[in-house]
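So the chains spell out like this:
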Amino acid sequence: MSALIKIVTGLLCLAMGLGFIYRFDLIERVNAFLRETVLNDAHLALERRRWGFFFLLSAFLFLYMGLTSLGRP
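Treat the numbers as computed from the prediction; the structure is a model and nothing was measured.

About the criteria used
Residues numbered from 1 in each chain as written. Predicted model: local features only at pLDDT ≥ 70, side-chain atom pairs only at ≥ 80, totals over all residues. Heavy atoms only, no water. Helix = DSSP H or I, 4+ residues; strand = E, 2+ residues; numbered from the N terminus. Buried < 20%, exposed > 50% of the residue type's maximum accessible area, 1.4 Å probe, protein only. Salt bridge = Lys/Arg side-chain N within 4 Å of Asp/Glu carboxyl O.

A. Representation of the overall build of the chain in the model. Secondary structure summary: the chain contains four helices and zero strands in total. Secondary structure elements of the chain occur, N-terminal to C-terminal, as α-α-α-α. Out of the 73 residues in the chain, the part that is buried amounts to 29%.

What follows is the structure, given as structure tokens:
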């Protein structure tokens, strides 16, 4: 994976993690759009903090990997 892809993935995970924790109303709107294909309402409502922290940890991992690989030739 190139450094740019890792950084973009990390930023996307960061946005998702913060959205699950602080702006759950936006996540509910996305859920309404994707309800049939990706998300289950009962699971999402019960596990929102777990998903939020999962995305935050993923964000930090991808950002770290991307930023460290930028310094290498």
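Having seen the model, we can carry on.
B. Focus on the pattern of salt bridges. Scanning the model with the defined rule gives two salt bridges in all. One salt bridge in this structure joins D25 and R23, with 3.3 Å as the shortest N-O distance. Among the ionic pairs, D25 bridges to R29, the shortest N-O distance being 3.8 Å. Of this pair, D25 and R29 are both found in helix α2 (residues 24-34), four residues apart, which corresponds to roughly one turn of the helix. By relative accessible area, which is 56% here, R29 ends up exposed. Sharing partners across several salt bridges, the network here consists of R23, D25 and R29.

C. Summary view of the environment of G71. Mapped onto the elements, G71 comes out in the segment after α4 (48-70). For G71, a relative accessible area of 66% puts it in the exposed group. Spatially, the C-alpha atoms of G71 and A3 are 9.6 Å apart, while their sequence positions differ by 68 residues.

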